[in-house]
Structure formats: structure tokens, C-alpha cells
Amino acid sequence: MLLRTLFLSRSLPFSAGVILACLSWLPVSSAMASVGFEAVLSFPHATDLVASPVGDRISWVSQQEGARNVWVADGPDWEGRPLTHYEGDTGDAITDLRFTPDGESVMFLRGGARNREGDLPNPTSRPEGVARKLWVVPAHGEAVPRELAETDDFDVSPDGESVFFLKDSQVWMRGLSRAEEGGSLETVKNDGPGDKPLFSVRRGVSTFSIAPDGSRIAFVSDRGDHAFIGVYDREENAITWLEPSLDRDRAPTWSPDGEHIAFLRIPNEKRILPFVPRREGLPWSIRIGNASTGDTREIFRADAGPGSPFQPGYWFVGDRLWWGADDRILFPWEKTGWLHIWSVASAGGEAVDLTPGEGEVQYADLAPDRSALLYSANHGDLHRRHLWQTPVAGGEPERLTTGSGIEWMPGRTGSGTLVFLASAAREPAHPVVLVEGARRAPGPPLPERFPTQGLVQPELVSFPAADGLQIHAQVFLPPAQCGRGPHPGLLFFHGGSRRQMLMGFHPGSYYSNAYAFNQAMAARCFVVAAVNYRSGVGYGMEFREARDYGARGASEYRDVVGAGIYLAGRDDVDPARLGLWGGSYGGYLTALGLARASDLFAAGVDLHGVHDWNVVIGNFASAYDPGMDEDFADLAWQSSPMADVGTWTSPVLLIHGDDDRNVPFSESVDLAEALRRQGTPVESLVFPDEVHGFLLHRNWLAAYRAAAAFLDRKLAVAD
Ligand SMILES: CC(=O)N[C@@H](C)C(=O)N[C@@H](C)C(=O)N[C@@H](C)C(=O)O
């Protein structure tokens, strides 16, 4: 950087230029150094927070520089401590954290999720291969994790005596016992049906749920264009189907008395494709099934229009129902154009909007006594998340948190303590316990080298897209040491696209890293704008299901242009030095911007980007055949960067892991070939056996370092 400044400063005689450049470089270098990538990515990121159903205890997963571990904290001191001690950047995800019913042990899965072909990720290319296993560790004392089974899904019986798990898409069972009082749980080898599943189902089981008394298991058997819900009775050794239909039944949810099951019934619709707007659907319904007879009855049916397609929510709400107190069934519904949680009596009747207002629920769960719903949402503060609780039959929601931070994943311990995950502009995701109204942070602490003081508070801005739609972005400004500018500008586009960047560190690890990178690029004297483009979440259904977005016309490209014009129009930005970067869907918008507007955007970094919708849609929808609807396939092609590669002249850095299950590696291979053929400068960085959202911390570090170096080379100094 210094060398380029030395020899490119035209406005002063060389000697003065040298002196000024040296002087001007030193504070900038200190700013850059104060937010180095190693340091700004050194934070612990908390996920998967769970509250013990008994007593005052929490557990969560802490991921720090690639090492992932299970932590625990106990009231009243709430001092966090690790229960596991996995070291190193191994890429082994820890998920599905769960307390045993007595709160004395924590169970979890270790190992990444399978792809559609059933392959487990192996980003370190271990020659011996990898596994995904269920572990249990005592929540106190000398915690030694014990392996229970190789599986992808599990649950513990309500009495804590048995563990049920999925293996080869069938349900297996093992007894649980403790070798000694207070010791670790272990499976009792000979308790259970030996070396075969507890029961076998044709076409297998995709999910299951154990009845409150442990005597029966409700399960979903997904059979392609339809899905059944069955109930296996352990004593009768028999399966009862809940009124089988031509639809897709899912989310079996037991009544507290174990006699009934609430479930979703969603009509199959063949031509539902991802990455295109969906505003209407064949209305879905909620039914109550008798677990003994299999008889069912409808208690709710979505109206036509908004909310007619079942919307599971993004990030955390998911495919689920809740059976609340007074037999209220709670469910997500977008009837108002905003994703809310509603409730209806299990006997049927009028549904009630529990989370009214202009905002959408991101995460929800019942309080332990089922009387109230705890949820995180962005009502009144669209660019953050805060917590509320509300009675399951409806009423005025009570706000639990406010302020400039972001809160999500609320829960209550068996003792009633409110616990949640939180972040802020300079604080990555961490667990919080509310004690007498005061926040306690069980840890782990930020490392000394984390550059808290080098981070900026992003500013919220909005600007018109090329078609006038109001678009919001967070702007990260360079520190004073960078001088007045004009500075290079950098636009960031999140992926998904059902995502939203927020006014602080993000709940998701992928975007928490991206937020940190944007902070680091501001410290390198870029003006950075993270753009919440149409088809993202947080702004309601109309914005999310924007007309003609994605493969149906790339209308979100108008937001890319609007963002470029906004940035170029800032006094502190040099319009000749605008860059783009983003991953996956954000890589798609980066590529689209460079392909269609290399005159506006001078360079870009495209991580695992989408470049041909007909390829990527086919990767998600195996039945998709471009030949079946040539008009759509042509529109999808015209909506893809590959269609406009001929006008792409600006340099690009392509970064991709070759075990990418979301966006095939070939998307970057094919784009590179097309660009090379026409002499467009293309650089690349490839990670063998790495998946879509990089599992290895070192790969994120390498990617961000390469991206920053590339953007520095192309944009940092005015020609
Ligand atoms: C079907 C669908 O929408 N899948 C998305 C979750 C998805 O994989 N989108 C990618 C194109 C993408 O953007 N992936 C990451 C970055 C994400 O945030 O999902």
C-alpha cells in the first residue's frame, strides 16, 4: 500500500509525496493493524443456547477460531465453564444441544450435517473419513463426554431412561444409565431391541417426537410428493397412521396428556421452485389426531392470499407447532403480511395473532409452564431483534429487552430465569442471563486482542433502488486516521437471500464473520455499506417475495444499482473506486453487478456465488428440468450473471469450497472459463473438501485476507 502511494501520488513532487505518504500511511496502518483479520475474527460466537428444565442452568455452543465446545453456567454466580475441551480448527460442528430431563447432563451431536447424497463434510480431508455422533456429558464435576451413538437426530425419553435416535432413517433405542451417582450417562448395551431399529417403517423416518409418557413415538415418513405421520406404540409394537392423505403432513406435536397430536397438513405443489417469489399457495391446515385411533379433525385452515403458503420462518422459527396451556395450538402465519405467531384452540375456532404489529418473529418458544410464548422479533426496530413474551391465548405482549443491542433465542430455566443470546455493534453473540433486571454475561470473555475499540457503530442509511423501492443499509465509516477521503467504496450483499444484516454482530456465524470483515475493511479506509436488498427478510412478505426477484427477473439488481449510485454520490467516496463483495446469493449479486455494470463497479469478490440459476435451482429441486418450461428456463438464464458475462470487464476474485452442497463448485469453474476466454481478469482461491459456509476458521481467514488484499490492490489507491 505504501509503495503504491509513494509512486502514484501525482499531485506533489516526489520528495513531498514521499514524506506525506509516509506520514499519511502511519496512522492508517495503525488503523488497519488495529483491526487485523486474525484479531477481529478471534471472538467466541455463541449459538444453540438451552435452558435446563430443572434448576438454574444454561448451556450453549461456543465457537472460537474454529474450536467448538459445549459450555455451561449455573445460577446464582453464572460463571461459564467449558464442559468439553475440543481443541483446534477441525471443522467438527456441534449442534442439537439438549439437557437431559433432570438437567444433570447435556447431549449434543458432533460432526457436520450430511448433504443430499448422505455425505458428511470432511473439510480437513481426513483419510479415515468422518462421523456424526451423539455425545453426553455431565453438567457438573469432572465432565468427560461419552459417545452414545452414530446418528443425525435424537431425543431423550421424558423420564430420562432411554435415548432414541435415527440411524439409516429408522428409529433406534438404547437404555440410559449412570455407572455411578453423578457419573456420566451411558447406554445400556443390552437394553433395547439389540442390533436392529426399535421399529421399521417403509421409506424410513425423517423426524420423530416422543410422547410425554415415553410410551409412543410420533414420526414423519416423508415419501417424496406426500408425507404421513405415524404413531408407534412400544407396548403394542404397532403403528397407527394419522388419517393418511395426498398431502405432506409434518411437525407432529404431542398434547401434554399424550392422547392427541397436532400437526401441519401442507398440500403438495409440484412446481414450487426456490429463488423465485411465492406469494400464494394451496392453503395449509392444522389438524388434531387421536394417537390411538388415528382419527383426525381440522382445527385451522389458512385463508387464500397472504399467508396461504406455509412460511416456516427463517433462521429459527422453523417447521413447528407448539401445544400451549389451555390446549392452545401455536403456529407461524403470515396472514398480515408479517410473520407472526398465532394461536387457536385445539377444539378449533378463531385464531388469535399473538405478536401483532409491523415486525416479524425470528425465534419463538414456549415458557416452561406453557402459559406464555417467548419470542424475538423486530417490531418497532426493523434492523435489530428484541425480546417479548405474551400469553398463549393472546393479550398485550410484554417487552423484555430494548436498546441498541440485538437479542434472540430467549428461554427460561426451570427456576424461571430469563436467558438469551445477545450481540451489539462491538460485541459478538454471547449468552446473557437476566438477574433482577440486570444482565449477567457468563462468558467466555473476548480475547485481549479482539479490537473492540477499533470497531465502529454502523450507521443506518436508506436510498432508492433504481425503481424507487426504499432500500436500507448499514454503513461502516473509516476512522479519522484515514483522513477525509475520498475513500474507495465497498458494497456487501448478504446471502440466502432470506437473510438480513443487522445493526451489530449477526446471530449466524456466517454473517457474524461477514460483519467483522466489513468492520475490518472500514479500518482499511473503505466506506462499506451492507445492503439489505429485496427478497431478504425482516421487512415483511411484500419485500421478501419481491416481484420478479431471483430467477424470475433479478429485480434485486435494481437495488445493486441504487446502492452503487448512493455510494458513488457520497462526498467521502471516490466513484471511480467502487467494489462489491458477497457470498452465495451475495456472490450472485456481486457477479451480476460486475457483469452488467463494470462501468460502475471497478472490482469484486465473489464467494461461492450463483452464476446460472438453471444449475443452482436444479441443485435444490432435484425434479427441476429446464426443458419442462423453456420460457422459465430462459428467464432464469437471463436473470443469471452468465448471460451478461460478455460485458463483464472489471477484475474479480472467485473463492469457493469444492464440497459445496448449496452452490455447486462448477458455478465458479464455468464462470472462470467464460471470463478467461474474453480476457477479463479473474483470480481464484479454492478450498478442497470445504462446504458452502466454510467449516474451517483458517479458510475464512484465508478468504478474507485474500479478499482484502485483492480489494486493496484494485481500489485502495486512486489511479
Ligand atoms: C433454497 C434456499 O433458499 N437455500 C438458501 C438457504 C441457500 O443455500 N442460499 C444460498 C444461495 C446462500 O446464499 N447460502 C448462504 C450464504 C445462506 O445465507 O443461506
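None of the values given here were measured: they were computed from a predicted structure.

Q: Help me out: how do you make sense of the overall build of the protein chain in this one?
A: Secondary structure assignment for the protein chain yields eleven helices and 40 strands. For the protein chain, whose C-alpha radius of gyration is 26 Å, the value lies close to the compact-globule estimate of 27 Å for 719 residues. The principal-axis extents of the C-alpha atoms in the protein chain amount to approximately 90 × 60 × 55 Å. Here the protein chain holds 719 residues, and the buried ones make up 58% of them.

Q: Would you take a moment to explain the sheet that holds strand 4 (residues 81-82) for this structure?
A: By way of backbone hydrogen bonds, the strands of a sheet pair with one another, either parallel or antiparallel. Pairing within the open sheet is antiparallel, and its four strands lie in the order 1-2-3-4. Each having just a single partner strand, strand 1 (44-51) and strand 4 make up the two edges of the open sheet. As defined by bridge partners, strand 3 (residues 67-74) adjoins strand 4 across two bridges and the pair is classed as antiparallel. When the sheet's bridge partners are listed, W71 is paired in strand 4 with P82.

Q: So what exactly am I meant to see when it comes to helix 6 (residues 557-568) here?
A: Taking 1.5 Å per residue as the helical rise, helix 6 with its twelve residues ought to reach 16 Å, and the 16 Å between its terminal C-alpha atoms agrees with that figure. Along helix 6, nine of the twelve residues are buried, which leaves the element largely enclosed by surrounding structure. All of the buried residues in helix 6 are Y557, D559, V560, V561, G562, A563, G564, Y566 and L567. Those residues of helix 6 hidden inside the fold are in contact with strand 33 (459-464), strand 34 (470-476), strand 35 (487-493), strand 36 (527-532), strand 37 (573-583) and helix 7 (585-596).

Q: I tried to follow unusual backbone geometry on my own but got confused; where do I start?
A: A negative phi angle characterises most non-glycine residues, just as the trans form characterises most peptide bonds. Omega for the peptide link from G75 to P76 comes to 0 degrees, which places this bond in the cis form. In this structure, P76 sits in the loop between strand 3 and strand 4. Of note, the amide linkage connecting G496 to S497 takes the cis form, showing an omega dihedral of 10 degrees. Position of S497 among the secondary structure elements: in the loop between strand 35 and helix 4 (509-523). Of note in this structure, R370 is not a glycine but carries a positive phi near 65 degrees. Along the chain, the position of R370 falls in the loop between strand 25 (361-366) and strand 26 (372-377). By relative accessible area, R370 is classed as partly exposed at 31%.

Q: I tried to follow the sheet that holds strand 11 (residues 170-178) on my own but got confused; where do I start?
A: Pairing in this open sheet of four strands is antiparallel, and the strands run 9-10-11-12 from one edge to the other. In this open sheet, the two edge strands, each paired with only one partner strand, are strand 9 (154-156) and strand 12 (185-188). Here the strands of the sheet are splayed against their neighbours by 35 degrees on average, with no regard to which way each runs. Where strand 11 and strand 12 come together, four bridges link them in antiparallel fashion. Each residue of the ladder has a partner; that of R178, found in strand 12, is L185.

Q: Where do I start with the nonpolar core in this structure?
A: Soluble, globular proteins show a tendency: their nonpolar side chains are buried together. Core analysis: the biggest nonpolar cluster contains 59 residues, and L491, V531, W613 and W648 have the highest contact counts within it. The leading source of residues in this core is helix 7, at seven residues. If near-sequence neighbours (up to four positions away) are discounted, L491 is found in contact with A529, V531, V560, A563, G564, L567, G579, L580, W581 and F601. Core analysis: the second largest hydrophobic core is formed by 44 residues, F37, V456, Y515 and L715 among them.

Q: Explanation requested: the state of the cysteines in the structure shown.
A: In protein chemistry, a disulfide is the covalent bond that joins the sulfur atoms of two cysteines. Under the criterion given, the structure shown has one disulfide. A sulfur-sulfur separation of 2.1 Å characterises the disulfide bridge that pairs C482 with C525. When the S-S torsion is -80 degrees, as for the bridge of C482 with C525, the disulfide is left-handed. With C482 in the loop between strand 34 and strand 35 and C525 in the loop between helix 4 and strand 36, the pair connects residues that are 43 residues apart, well separated along the chain. The two residues C482 and C525 agree in class, both being buried.

Q: Help me out: how do you make sense of empty space enclosed by the protein in this one?
A: Over the atoms rolls a probe the size of a water molecule, and its path tells where empty space is left. Evaluation of the coordinates by the stated rule reveals five cavities of 30 Å³ or more. The calculated volume of the largest cavity comes to roughly 130 Å³. Counting residues per element, the ones that place at least two in the lining of the largest cavity are strand 2 (57-64), helix 4 and helix 11 (697-716). With three residues, the top contributor of residues to the lining of the largest cavity is helix 4. Class assignment for the residues of the lining of the largest cavity results in six nonpolar, eight polar and two charged. Quantified by volume, the second largest cavity comes out at close to 80 Å³. For the second largest cavity, the lining is made up of ten residues, of which Y314, E360, V361, Q362 and V537 are closest to its centre.

Q: Help me understand the UniProt feature "domain: Dipeptidylpeptidase IV N-terminal" (unreviewed entry) in the protein chain in this model?
A: UniProt records the feature "domain: Dipeptidylpeptidase IV N-terminal" (unreviewed entry) at residues 323-405, using the numbering of this structure. The distance from the first to the last C-alpha atom of residues 323-405 is 31 Å, and the span holds 0% helix and 43% strand.

Q: I tried to follow the pattern of salt bridges on my own but got confused; where do I start?
A: Where charged atoms from two side chains of opposite charge come close, those side chains can pair. This structure, assessed with the given rule, holds 41 salt bridges. Between D467 and R534 there is a salt bridge, with its nearest N and O atoms 2.8 Å apart. With D467 in the loop between strand 33 and strand 34 and R534 in the loop between strand 36 and helix 5 (541-544), this pair connects stretches of sequence that are 67 residues apart. The class for D467 is partly exposed, based on a relative accessible area of 40%. In this structure R534 comes out as buried when scored by relative accessible area, which is 4%. One network of salt bridges, with partners in common, ties together R57, D74, R81 and E104.

Q: Help me out: how do you make sense of the site of the ligand in this one?
A: If you check the shell around the ligand, you find 13 residues, and the closest are G496, R499, Y511, S584 and N662. Measuring from an oxygen atom of the ligand, one finds a side-chain N or O atom of S584 at 2.7 Å.

Q: Please clarify how the environment of G496 should be interpreted in this entry.
A: For G496, the location among the structural elements is in the loop between strand 35 and helix 4. Spatially, the C-alpha atom of G496 lies 15 Å from that of Y557, the residues being 61 residues apart in sequence. The contacts of G496, once residues within four sequence positions are left out, are F275, Y511 and Y585.

Q: Can you walk me through the pairing of strand 18 (residues 260-266) in this structure?
A: The element strand 18 is largely enclosed, with a buried count of six among its seven residues. In terms of strand pairing, strand 17 (residues 248-254) meets strand 18 through five bridges, oriented antiparallel. Across the sheet, D249 pairs through a bridge with R265, a residue of strand 18. Hairpin remark: strand 17 followed by strand 18, antiparallel, with five residues in the connecting loop; positive phi at G258, about 70 degrees. As judged from the six bridges shared by strand 18 and strand 19 (residues 285-290), these two strands associate in the antiparallel manner. Across the sheet, A262 pairs through a bridge with I288, a residue of strand 19.

What counts, and at which threshold
- Residues numbered from 1 in each chain as written.
- Predicted model: local features only at pLDDT ≥ 70, side-chain atom pairs only at ≥ 80, totals over all residues.
- Heavy atoms only, no water.
- Helix = DSSP H or I, 4+ residues; strand = E, 2+ residues; numbered from the N terminus.
- Rg over C-alpha atoms; globule rule 2.2 N^0.38 Å.
- Buried < 20%, exposed > 50% of the residue type's maximum accessible area, 1.4 Å probe, protein only.
- Pairing = 2+ DSSP bridges.
- Expected span 1.5 Å × (residues − 1).
- Contact = heavy atoms within 4.5 Å.
- Axes fitted to C-alpha atoms, helices over the stretch in contact; angles between N-to-C directions.
- Core = buried A, V, L, I, M, F, W, Y, C linked by side-chain atoms within 4.5 Å.
- Disulfide = S-S within 2.5 Å.
- 1 Å grid on protein atoms, 1.4 Å probe; cavity = no way out; pocket = protein on both sides within 12 Å on 5 of 7 lines; lining within 4 Å.
- Points joined across faces, edges and corners; volume = space filled by probe spheres on them.
- Nonpolar A, V, L, I, M, F, W, Y, C, P; charged D, E, K, R; others polar.
- UniProt positions renumbered as here; feature names shortened; annotations may be inferred.
- Salt bridge = Lys/Arg side-chain N within 4 Å of Asp/Glu carboxyl O.
- Near = heavy atom within 4 Å.
- Polar contact = N/O pair within 3.5 Å; in protein donor to acceptor, adjacent residues only side chain to side chain.

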